[in-house]
Amino acid sequence: MFSKILIANRGEIACRVIQTAHRLGIKCVAVYSEADANARHVAMADEAFLLGPAPSSESYLRADRIIEICKQSGAQAVHPGYGFLSENTGFAKACEENGIVFIGPPASAIASMGSKSAAKEIMSHANVPLVPGYHGADQSPALLKKEAENCGFPLLLKAVAGGGGKGMRVVENLTEFDEALESACREAKNAFGNPDMLIEKYLTQPRHVEIQVFCDSLGNGVYLAERDCSVQRRHQKVIEEAPAPGLSEETRRAMGEAAVRAAQAIDYVGAGTVEFLYDVDGSFYFMEMNTRLQVEHPVTEMITGQDLVEWQLKIAAGQELPLAQDQVRITGHSLEARIYAEDPDNDFLPATGTLRYLRTPQENTHVRVDTGVTEGDEVSVYYDPMIAKLIVWDDSREAAISRMVKALEEYRIAGLKTNVRFLRNLANAQPFKQQQLDTGFIDKHQALLFPQPHLDVHYGLAMAACYFMEQQKRQHSSSGDPHSPFGRHNSWRLNSTRVRPFKLEHDGEICELNITETTTGYDVAIDDARYDIRASVCDDALSVVINGHSLTVHCHIDEGRLTLFHEGEQFICNRFSESFDAGDHDADASLCAPMNGAVVAVLVEKGQQVSAGDTLVVMEAMKMEHSIKAPADGTVGEIFFKEGELVSEGAELIALEQNDEEAA
Ligand code: ADP
């Protein structure tokens with residue numbers, strides 16, 4: 001076994017690998033960018049080396065620097081994690097050439113699967129079923145269009161070099177084809193440097209079921225059951241689980257054996273995942289093989305009781321597979337939710353910011369949190385906005401879901417937008433509990449997943465006011481004045497009959513409250529309603545009894561802005577100051593940049609007539625394209641940015657004069 005390895009990655013996966021390596025007595029070398037100097041993975045490692053500036057191209061993708069650091073530090077092997085260099089043939093080869101073990105498959109196996117079209121070719125020879133379509137080398141738009149017609153609609157355009165849902169477009173009919181092809185090629189070229197596309201029949205209700213495979217260098221291969229990753233947004237996984245609900249033993253075996261066949265067809269070594277589309281009629285089709293450890297590997301660990309990073313290390317060190325196929329056991333059910341900095345209410349746009357307040361659920365045999373951040377860390381534009389993975393396990397799927405819902409309610413983050421509440425609604429949704437899974441789940445169940453907040457606004461405001469009052473008292477008592485009446489613990493109250501007016505801003509509205517201290521607590525008046533409240537604060541928890549109804553919320557206060565956390569929901573309000581201006585900036589928000597990013601295409605000219613829904617500008621952030629569409633019919637006015645320019649969130653991109661309704 002190795003005595004020292006280098007982890008060529010950051011964030012949760014770097015921390016995850018270090019944890020197992022340390023347990024096995026292996027020393028770890030971390031690498032980091034300037035943005036990550038204080039990151040958790042750096043602190044956890046035994047030594048750490050600076051790679052360069054924040055952008056990945058100047059840091060985590062610097063294969064040459066990483067090889068140099070391996071030599072300098074005496075690391076015998078490199079774990080690439082996922083993303084970055086994990087599926088980079090050149091890097092795997094460079095490791096081999098420099099006598100450093102790449103903890104992953106041989107460069108040749110990565111190359112075979114690196115192109116989705118070449119992979120499909122290999123799989124068809126290995127008798128692994130494929131989705132019908134076109135995966136040829138001829139990429140002329142005219143031929144692609146003809147193949148599209150042959151394939152039929154709806155179809156899916158997929159980047160041959162794709163990953164992470166990038167460069168992928170569903171095309172419903174022939175008239176949409178040209179624009180979709182152009183946009184998908186552009187996105188693929190930007191993200192992967194390769195615009196080539198393949199065409200697949202678009203299955204309308206498939207499930208995404210993938211098999212975890214492992215092969216050792218002695219020619220043995222096993223599958224460690226499957227994961228269901230059907231719940232997706234933008235073709236990216238949101239909640240994953242193992243085993244796949246309702247999958248029969250026969251299908252599991254058929255898929256598992258096909259997956260091992262697929263791996264052995266390319267002389268695979270190490271951890272790999274073979275992804276299948278599982279159709280309503282029970283048939284399954286090869287989609288792609290990922291030649292690395294997957295983000296969602298923990299759910300497999302939870303049901304098999306195995307440590308997959310340990311398997312990777314052993315296999316890379318030349319050892320035999322730890323288990324034979326008939327020794328693999330599945331126990332219970334596991335789910336993983338990916339906690340992202342993003343805005344579910346705004347098409348899941350990635351968010352950035354500082355984790356000003358971060359509380360995670362208690363970890364135990366049922367609950368696991370894999371993360372690379374701590375409170376105070378920044379989620380920047382440079383890297384993937386995943387904050388953590390929350391993993392739960394229990395005897396049954398039902399019990400595991402209950403654990404997930406509870407753990408999500410205990411996951412509290414303030415400072416930036418996250419999908420925590422969305423995930424909680426998802427895990428709690430009846431159709432999810434009833435296993436109505438397919439990749440269209442999120443679109444289909446919008447109403448359940450994006451419900452109106454259920455915490456009553458009056459309750460939120462009243463609790464906020466009580467919290468501010470309690471805070472004030474605490475400050476007085478900790479100011480050291482032994483005579484301060486605020487410091488007393490009896491029921492004495494200063495000016496108990498004095499009515500204090502309070503102004504709070506919530507959701508763009510200013511709300512006026514009147515609060516009076518009573519012998520037992522507070523009397524709060526909002527509009528015509530009165531609330532009798534008892535309140536107590538312990539650390540960050542505020543417990544109240546409002547008109548006899550008791551509940552507890554958690555609070556975080558930051559520069560006068562208060563966040564109350566309740567069952568995964570957040571109630572945010574500001575103490576109103578006269579300088580606050582609610583503004584009316586939303587009127588044409590859709591023509592403003594929805595995030596920091598670059599303008600990649602301006603599709604209209606000044607003076608042009610456009611109709612509602614027409615794409616005006618295409619922006620790109622985190623290598624994903626976002627279309628800015630006309631909210632109404634109108635005439636294009638000033639265009640404020642050119643292609644290639646960087647824009648900040650909220651900047652006006654284009655002026656649109658709406659057509660007069662009578663004239664229209
Ligand atoms: P990427 O490598 O970019 O993640 P994949 O090929 O793995 O792309 O596909 C991602 C997701 O897109 C799948 O999990 C599935 O939900 C959906 N998908 C892919 N191919 C098809 C298809 N032919 N029909 C329907 N959905 C598909």
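Residues numbered from 1 in each chain as written. Predicted model: local features only at pLDDT ≥ 70, side-chain atom pairs only at ≥ 80, totals over all residues. Heavy atoms only, no water.

A. Expanded view of the side chain of Thr 563. With respect to the element layout, Thr 563 can be found in strand S30 (residues 561–566). Apart from residues lying up to four places away in sequence, Thr 563 is in contact with Ala 414, His 554, Cys 555, His 556, Gln 570, Phe 571 and Ile 572. (Helix = DSSP H or I, 4+ residues; strand = E, 2+ residues; numbered from the N terminus. Contact = heavy atoms within 4.5 Å.)

B. Representation of the domain arrangement of the protein chain. On domain assignment, one finds that the protein chain holds domain 1 (4–103), domain 2 (132–201), domain 3 (207–449), domain 4 (457–575) and domain 5 (589–663). One C-alpha centre belongs to domain 1, the other to domain 5; they are set 41 Å apart. (Domains from an automatic or database assignment.)

C. Spotlight on the sheet that holds strand S5 (residues 101–102). In space, the 5 strands of this open sheet follow the order S3-S2-S1-S4-S5, with parallel pairing throughout. Each end of this open sheet is capped by a strand with a single partner; those strands are strand S3 (47–52) and S5. Across 3 bridges, the pairing between strand S1 (residues 4–7) and strand S4 (residues 77–79) is parallel. When the bridges of S4 are listed, Leu 6 appears paired with Val 78. (Pairing = 2+ DSSP bridges.)

D. Spatial organisation of helix H9 (residues 249–265). In a regular helix each residue adds 1.5 Å, so 17 residues correspond to 24 Å; H9 covers 24 Å between its end C-alpha atoms and thus fits that length. Elements in contact with the buried residues of H9: helix H6 (116–125), strand S10 (207–215), strand S11 (221–233), strand S13 (270–278) and strand S14 (284–290). Positive backbone phi, at 50°, marks Asp 267, one or two positions downstream of H9. (Expected span 1.5 Å × (residues − 1).)

E. Local environment of the site of the ligand. Within the structure, the ligand sits among 22 residues, and Lys 116, Gly 165, His 208, Gln 232 and Glu 288 are positioned closest to it. Between the ligand and Lys 201 there is a distance of 2.9 Å, counted from a nitrogen atom to a backbone nitrogen or oxygen. Residue Glu 275 places a side-chain N or O atom 2.9 Å away from an oxygen atom belonging to the ligand. Against a free-state accessible area of 550 Å², the protein chains account for coverage of 96% of the ligand. (Near = heavy atom within 4 Å. Polar contact = N/O pair within 3.5 Å; in protein donor to acceptor, adjacent residues only side chain to side chain. Areas by Shrake-Rupley, 256 points an atom, 1.4 Å probe, with all protein chains shown as cover.)

F. Up close: unusual backbone geometry. Between Phe 153 and Pro 154 the backbone carries a cis peptide bond, its omega angle lying at -5°. Here Pro 154 lies in the loop between helix H7 (141–151) and strand S7 (155–159). Here the amide bond leading from Ala 242 into Pro 243 is cis, since omega sits at -5°, within 30 degrees of zero. If you trace the backbone, Pro 243 turns up in the loop between strand S12 (236–242) and H9. You will see that Phe 84, though not glycine, has its phi angle at about 40°, which is positive. Along the chain, the position of Phe 84 falls in the loop between S4 and helix H4 (89–97). Since its relative accessible area comes to 27%, Phe 84 is described here as partly exposed. Backbone geometry at Asp 527 places phi at a positive 50°, although glycine is not the residue there. Along the chain, Asp 527 turns up in the loop between strand S26 (522–526) and strand S27 (529–538). (Buried < 20%, exposed > 50% of the residue type's maximum accessible area, 1.4 Å probe, protein only.)

G. Inspection of the packing of aromatic side chains at higher detail. According to the stated counting rule, one finds 14 aromatic pairs in the structure shown. With a centroid separation of 5.0 Å and 75° between ring planes, the pair formed by Phe 348 and Phe 422 is classed as edge-to-face. In this pair, Phe 348 sits in the loop between strand S16 (342–343) and strand S17 (349–350) while Phe 422 sits in helix H13 (residues 420–428), placing the two residues 74 residues apart along the sequence. As far as burial versus exposure is concerned, Phe 348 and Phe 422 are alike and both buried. Ring pairs connect the aromatic residues Tyr 60, Phe 84, Tyr 382 and Tyr 383, which therefore count as one cluster. We note Arg 233 situated over the ring of Tyr 340; from NZ or CZ to the ring centre the distance is 4.8 Å. (Phe/Tyr/Trp six-rings, centres within 6.5 Å; stacked < 30°, edge-to-face > 60°. Lys NZ or Arg CZ within 6 Å of the ring centre and 35° of its normal.)

H. Layout of the nonpolar core. By size, the foremost hydrophobic cluster in this structure holds 39 residues, and its most contacted members are Ile 239, Ile 387, Leu 426 and Phe 432. At the level of secondary structure, the elements contributing two or more residues to this core comprise S12, strand S15 (333–340), strand S20 (367–371), strand S22 (386–394), helix H12 (397–409), H13 and helix H15 (441–444). Top element by residues in this core is H12. It accounts for 6 residues. Once residues lying within four places of it in the same chain are set aside, the contact partners of Leu 426 are Val 231, Val 238, Ile 239, Phe 432, Phe 441, Ile 442 and Leu 449. (Core = buried A, V, L, I, M, F, W, Y, C linked by side-chain atoms within 4.5 Å.)

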